[in-house]
Amino acid sequence: MAYVVGALPTRTRRVTIIAQDPSVRRGRKIVMGEVAIPREDLRAGPWGHRVQVVDYDATLDRYRKPKPPAAKDDPYTGKDPDRLIADPEFHAWNCYAIVMSTLARFEFALGRRIPWSFGGHQIKVVPHAFADANAFYSRQDEAILFGYFEGYRDTVFTCLSHDVIAHETTHALLDGLRERYMDPSSPDQAAFHEGFADIVALLSVFALPGVVERIIDLGIDRKHERPQPSRRIAIDRLSETRLFEGLLGLGEQMGEEIQGVRGAALRRSAKITPSPTLYRSDPAFQEAHRRGELLVAAVLRAFVAAWRNRLAALGDESALRVGSKTLDRERVVEEGAALAETLLTTAIRALDYAPTVDLKFGDYLSAVLTSDREVRPDDKKYELRRRLRDAFASYGIKPRGSAAGGAWPRAPEGLTYAGVHLEALQRDPDEVFRFLWDNRRALKLDEGAYTEVLSVRPCTRVDPDDGFTLHETVAECVQIRRLRAGELHLVHVRRPDGMPDDTEVTLYGGGALIFDEFGRLKYWVGKAVGGEMGGEDQSAQLLRRWVSGAFETDRRRSRRFAALHLQRAVRAATRKEEW
Ligand SMILES: [Zn+2]
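Analysis parameters
Residues numbered from 1 in each chain as written. Predicted model: local features only at pLDDT ≥ 70, side-chain atom pairs only at ≥ 80, totals over all residues. Heavy atoms only, no water. Helix = DSSP H or I, 4+ residues; strand = E, 2+ residues; numbered from the N terminus. Buried < 20%, exposed > 50% of the residue type's maximum accessible area, 1.4 Å probe, protein only. Contact = heavy atoms within 4.5 Å. Polar contact = N/O pair within 3.5 Å; in protein donor to acceptor, adjacent residues only side chain to side chain. Axes fitted to C-alpha atoms, helices over the stretch in contact; angles between N-to-C directions. Parallel < 35°, antiparallel > 145°, perpendicular 65-115°, else oblique. Left-handed = near helix turned anticlockwise from the far one by under 90°. Nonpolar A, V, L, I, M, F, W, Y, C, P; charged D, E, K, R; others polar. Pairing = 2+ DSSP bridges. pLDDT = per-residue confidence, 0-100. Salt bridge = Lys/Arg side-chain N within 4 Å of Asp/Glu carboxyl O. Core = buried A, V, L, I, M, F, W, Y, C linked by side-chain atoms within 4.5 Å. Disulfide = S-S within 2.5 Å.

## Observations concerning the environment of Tyr395
Tracing the backbone shows Tyr395 in the loop between helix 12 (384–394) and helix 13 (422–425). Residue classification places Tyr395 among the buried positions, given a relative accessible area of 0%. Apart from the residues lying within four places of it in its own chain, the contact partners of Tyr395 are Ile272, Thr273, Pro274, Ser275, Pro276, Tyr279, Leu294, Ala297, Ala298 and Arg301. A polar side-chain atom of Tyr395 sits 3.1 Å from a polar atom in the side chain of Arg301.

The structure is reproduced here in C-alpha cells:
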C-alpha cells in the first residue's frame, strides 16, 4: 500500500496533513492522514524546488514572514489537530504537502517530470490569499490562491481542505499537459477539466486509510456508530449498496461548511442514479459542471464495484481458511485505500493516451482502457477495466476505441521509419515531425494544415503491484487549418446555416503518438481537422460554436479589439473557480 515515487523510498518522506478537512471527524477528533512527498532541502515558506508558499493576504494587505523549516522529518506528527487548524504555520505546511503529493502522483503515474502550465518551475501557493469563499488556480499569477471566510462557528480556511487543494493543483497540471482543453469545443471537453479535477481530488482523499475508515463507519455501522466497532465484518454487510451509502455519508460530512459554495463534488455525483439518458439528452447535463459530475459518478461506481468484488474474493478465501465469510475491519480499509491509489494512477496515466483536441468522455474512457492494459496487463485482482466500462456504460458513455474491449486500435501497419533516428525520436520535436511528414497519408493528417509537434517526452511507467516497467515515448501534435466558410466543403465539414461565405473559420486537429521503447509507433490517437476521419465531430462542433456566438468574438478580433477581448475571455476562464 506504500506509495513510492520512482521506487526509491529514501527519496520521499511521509508527512502528516489533515486527511480531508476539519469537518471530517471520528468521534470528536479531526481525521488526520499521511502523504508521501519528495525529500528536498526547503527554504522558509515552505519553499521547495516546485512550490513556493507565500503567505500574503490581499484583503488585509498583510504578509506573514515564515519561520525557518522544521528539522524534523514529519514536523506535525502527534500534534493536537484542533490546535493545528488555528496555526497559520501549519496551514502553509498543509497546502505545501498536498500540492507536492499531487504533483508526485502525476509524476509517478506518467513516469516523468510534469511541468506547470505556465512554464516556470515553481508555482506560488497562497494559503490566506483573500477573505472570500473561493479558491482558484491562476495561470497569469502562476499561483494557486486559497481564500478564507466566516463559517457557522469559526473561520473556514479553504487551504485546510484536501480535495480543494488537490482539485486546484490538478487544474494547474492538466492545463500544462493538454493546453487545448480550455478551448471552446464540445460540452464534454468543457466538462472534463472540472470532472477530472474532482476525480483526482476524491481518489487522493480515499487513498488515506482514515478516510476509508469513515466510509465504513457511515455505510456499515451507520445505525450504531460506536467508538469501538466490531473488529471483524461479515461479508454480506459489505454490499455495494452499503459501501455506496458510506461514500454518500462522507460526502455529507466533507466540507460541511464549504458545501454552500463548493458544489460538494462527492455528494452531488454520488447522488446521480445511473441512466444513459442523462449524458445523451438531459438538458441539465449539457451544462459543463453538471456534465463533469457524470464523469465523477461513473468513476465512483467503478470504485465501489471493484472494492466490493475484491472483498468478496477475500471473503471466499476466509471461508476456506477460518470457516466464516468475515473480514478484518482493518483489511477492508486497507483494500479500499489501495484500490483508490491504483484507480487514481490509472485515471492520471490515461491523459497521455487521450486526444490533444476535442476530447469526448468516450475518448477518455478508451484512453483509460488502453493505457491501463499496457502497464497492468493482469487485471484479475480488481477487474478494474471491466468495472470502468460497465460503470461508464450505465451513464450512457461508451468507449470510442474500436479495438477489443473498447481500447484504441494499434497504429496502422506499413509506417516508414527510414528517415528517422531512434535516439532523436525520443526527444526531438523535429525528428517526430519528420516521422509525421513521412507518414502523413497513413496517419490521415491534413496536408493543407499547419502542423506542429508540441512536445516529446520519454517516460518510464511502473506497476507498483508487480514492479513491471514500461518504457514509452509520448508526443503531441496539433494541426491548425484556417479557411473561409465557403471553403469548408473542401475538408468535408458542413457550413452552419446562416454563416456568411467569407467568415474565417479555424479548425483544429492532431493527436497523441505513443512510441514503444524501440521507437515504433504503438498508438496514434488522432483527430482529423476535417470531417473525413472525425465523422460528424467537426461539423457538429462548428455548428455549436456558431450558435453559441463564438464567431462574434472572431469578427471583433478581426476589427482589432482582439487583445482586450482575449484578455477578458482568458481572465474569465482562469481567474475564478466557479464552485
Ligand atoms: Zn475546478
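## Description of the packing of helix 4 (residues 187–206) against helix 9 (residues 288–322)
Relative orientation of the contacting elements helix 4 and helix 9 amounts to 40 degrees, with a least axis distance of 7 Å. Taken together, the axes of helix 4 and helix 9 lie oblique to each other. Along this stretch, helix 4 crosses helix 9, giving a crossing that reads as right-handed. Of the residues assigned to the contact of helix 4 with helix 9, the class counts are 15 nonpolar, 3 polar and 4 charged.

## Observations concerning the sheet that holds strand 17 (residues 521–527)
Strand order in the open sheet made by the 4 strands is 14-15-16-17, with antiparallel pairing throughout. Each of the sheet's edge strands pairs with one partner strand only, and the pair in question is strand 14 (450–463) and strand 17. This sheet shows a mean twist of 15 degrees between the axes of neighbouring strands, independent of strand direction. Relative to strand 15 (residues 468–484), strand 14 is paired through 13 bridges, and the arrangement is antiparallel. Paired with Cys459 across the bridge in strand 15 is Glu472. With respect to the sheet, helix 14 (residues 429–438) is in contact with strand 14, strand 15, strand 16 (504–515) and strand 17, its orientation differing from that of strand 14 by roughly 110 degrees.

## Some details on the confidence of the model for the protein
Mean pLDDT over the protein works out to 88, with 91% of the residues at or above the 70 mark. Segment residues 1–9: pLDDT under 50, and 17 contacts once partners within four positions in sequence are set aside and those in other chains are kept. Every residue in residues 556–575 is under pLDDT 50, and counting partners more than four places away or in other chains gives 19 contacts.

## Notes on the environment of Val212
Examined against the element boundaries, Val212 turns out to sit in helix 5 (residues 209–219). Assessed through its relative accessible area of 1%, Val212 is described here as buried. Sequence separation of Val212 and Arg232 is 20 residues, and the distance between their C-alpha atoms is 16 Å. Other than its neighbours up to four places away in sequence, Val212 contacts Phe206, Trp307, Val333, Gly336 and Ala337.

## Details of the pattern of salt bridges
Inspection of the entire model under this criterion finds 48 salt bridges. Across the pair Glu89 and Arg64 runs a salt bridge whose closest N-O atoms are separated by 2.7 Å. Placement of the pair is Glu89 in helix 2 (residues 88–110) and Arg64 in the loop between strand 7 (62–63) and helix 1 (81–84), with a sequence separation of 25 residues. Glu89 gets classed as buried once you look at its relative accessible area, which sits at 16%. Among the charged side chains, a salt-bridge network with shared partners connects Arg112, Asp352, Glu374, Arg410, Arg461, Glu472 and Lys522.

## Focus: the side chain of Gln426
For Gln426, the location among the structural elements is in the loop between helix 13 and helix 14. A residue is classified by how much of its surface remains accessible, and Gln426, at 16% relative accessible area, is buried. If we skip the residues at most four places from it in the chain, Gln426 touches Val456, Pro458, Thr473 and Glu517.

## A word on the nonpolar core
Membership of the largest hydrophobic core comes to 130 residues, with the highest contact counts inside it found for Phe106, Phe206 and Trp307. Of all the elements, helix 9 adds the most residues to this core, at 14 residues. Non-local contacts of Trp307, meaning those with residues more than four positions away in its chain, are made with Val212, Ile215, Ile216, Leu243, Val332, Glu335, Gly336 and Leu339. Counting 18 residues, the second-largest nonpolar core is a separate cluster that includes Phe435, Leu436, Phe515 and Leu521.

## Comments concerning the state of the cysteines
Applying the stated criterion across every chain, the model contains 0 disulfides. The cysteine Cys95 is free of any disulfide, with Cys159 supplying the nearest cysteine sulfur at 5.0 Å. Free of any disulfide, Cys459 has its nearest neighbouring cysteine sulfur in Cys477, separated by 16 Å.

## Brief notes about the side chain of Gln538
On the secondary structure map, Gln538 appears in helix 16 (residues 537–547). The class for Gln538 is buried, based on a relative accessible area of 4%. A polar side-chain atom of Gln538 sits 2.9 Å from the main-chain carbonyl oxygen of Ala528. In this structure, Gln538 is in contact with Val493, Leu507, Tyr508, Ala528, Val529 and Gly530, ignoring residues within four places of it in sequence.

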